[in-house]
Amino acid sequence: MWIFSTVTTLLLVAAALRWGAGPERICVAVIIATNVGDHIYHFVVARDAIYTSVDIGHLVPDLFAAAIFTGVALRANRVYPLWISAFQFVSVISHFVREVDGHMGILAYAMMNYMPANFILLIMAGGIWAHARRERRYGPYRQWRTSSNPLPGTSPKSPPTG
């Protein structure tokens, strides 16, 4: 799985730089940061992941990734970031489930913690592909959503009548 993850991440970086726009590049940057951060974490603490209790070294980056993915999902003019943030929250929830249920199986914790990352990679690949296809068909389009309801005072005023 490590080889799949590494190769897919490198391909996603290249694809996001070539065909992606802001949301794709931000999401790929988060994926890279969490992967590199994970390797640094394990090098510094000189041990493998903890499965018998909550691994704080994985919880904190998962929380940050979930926050950034959710921010992108709320502002991007795309749908796939919603799926990415949902899968990231599965990983975050796994830590809390592990803390609440001390009898949670090691395999269940590992699967809930690591498997969403593989789905995130696949969804990211599909998102880059869909973005590139949409641009080929319709041309450039907005990367980010704009507010449908302007704030009071910022909308242009109508000229006075009478």
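Residues numbered from 1 in each chain as written. Predicted model: local features only at pLDDT ≥ 70, side-chain atom pairs only at ≥ 80, totals over all residues. Heavy atoms only, no water.

Caption draft 1: Structural context of helix α4 (residues 80-100). With 21 residues, α4 ought to run about 30 Å at 1.5 Å a step, and its terminal C-alpha atoms sit 31 Å apart, in line with that. Among all positions in α4, only Y80, P81, I84, S85, Q88, S91, V92, S94, H95 and R98 are buried. Where α4 is buried, its residues contact α2 (22-45), α3 (56-75) and α5 (106-138). (Helix = DSSP H or I, 4+ residues; strand = E, 2+ residues; numbered from the N terminus. Expected span 1.5 Å × (residues − 1). Buried < 20%, exposed > 50% of the residue type's maximum accessible area, 1.4 Å probe, protein only. Contact = heavy atoms within 4.5 Å.)

Caption draft 2: Spotlight on the confidence of the model for the protein. With 88% of its residues at a pLDDT of at least 70, the protein reaches an overall mean of 86. When mean pLDDT is compared element by element in the protein, α3 scores highest at 93, while helix α1 (residues 2-19) scores lowest at 89. (pLDDT = per-residue confidence, 0-100.)

Caption draft 3: Main features of the nonpolar core. The biggest cluster of nonpolar side chains holds 18 residues, and the ones touching the most others in it are L12, V28, I31, F69, I84, M124 and I128. Of the residues forming this core, the biggest block, five residues, is contributed by α5. (Core = buried A, V, L, I, M, F, W, Y, C linked by side-chain atoms within 4.5 Å.)

Caption draft 4: Local environment of a nonpolar patch on the surface. The grouping of I32, V36, I40, F43, V44 and V45 at the surface amounts to a nonpolar patch, some 560 Å² of accessible area in total. V45 sits in the partly exposed class, given a relative accessible area of 32%. (Patch = residues over 30% accessible without salt bridge, like charges linked within 9 Å, V, L, I, M, F, W, Y side chains within 5 Å. Areas by Shrake-Rupley, 256 points an atom, 1.4 Å probe, with all protein chains shown as cover. Salt bridge = Lys/Arg side-chain N within 4 Å of Asp/Glu carboxyl O.)

Caption draft 5: Summary view of the packing of aromatic side chains. Under the definition given, this model contains one aromatic pair. Judged by centre distance (5.1 Å) and plane angle (20 degrees), the rings of F87 and F119 are stacked. Of this pair, F87 sits in helix α4 while F119 sits in helix α5; the two residues are 32 residues apart in sequence, bridging distant segments of the chain. Given the relative accessible area of 22%, F87 is considered partly exposed. Positioned above the aromatic ring of Y109, the side-chain terminus of R98 is 5.8 Å from the ring centre. Note that R134 overlies the ring of Y141, its terminal NZ or CZ placed 3.9 Å from the centroid. (Phe/Tyr/Trp six-rings, centres within 6.5 Å; stacked < 30°, edge-to-face > 60°. Lys NZ or Arg CZ within 6 Å of the ring centre and 35° of its normal.)

Caption draft 6: Region of the structure containing the pattern of salt bridges. A complete count under the given rule lists one salt bridge for this structure. Measuring nitrogen to oxygen at the nearest pair gives 2.6 Å for the salt bridge that ties R78 to E24. Of this pair, R78 sits in the loop between α3 and α4 while E24 sits in helix α2, and the two are 54 residues apart along the sequence. E24 carries the same exposure label as R78, and that label is buried.

Caption draft 7: View of the packing of α4 against α5. Close contact between α4 and α5 brings their axes to 9 Å; oriented N to C, the two are set at 170 degrees. With respect to α5, the element α4 is oriented roughly antiparallel. On the side of α4, the interface is formed by Y80, W83, I84, F87, Q88, V90, S91, I93, S94, H95, V97 and R98, while α5 contributes Y109, M112, N113, P116, F119, I120, I123, M124 and G127. When its residues are assigned to classes, the contact of α4 with α5 shows 14 nonpolar, six polar and one charged. (Axes fitted to C-alpha atoms, helices over the stretch in contact; angles between N-to-C directions. Parallel < 35°, antiparallel > 145°, perpendicular 65-115°, else oblique. Nonpolar A, V, L, I, M, F, W, Y, C, P; charged D, E, K, R; others polar.)

Caption draft 8: Local environment of the side chain of S85. Within the secondary structure layout, S85 lies in helix α4. S85 sits in the buried class, given a relative accessible area of 8%. Look past the residues within four positions of S85 in its chain and what remains in contact with it is F69, T70 and A73.

Caption draft 9: Local environment of α3. Taking 1.5 Å of rise per residue, 20 residues should cover 28 Å, and α3 covers 29 Å from first to last C-alpha, within 8% of that figure. Looking only at α3, the buried set comprises G57, H58, L59, D62, A65, A66, F69, V72 and A73. Projection of α3 onto a plane perpendicular to its axis shows the buried side chains occupying an angular sector of 165 degrees, all on one side. Across from the buried face of α3, at angles greater than 90 degrees, the exposed residues are I56, F64 and L74. Elements in contact with the buried residues of α3: α2, α4 and α5. (Arc of directions from axis to C-beta.)

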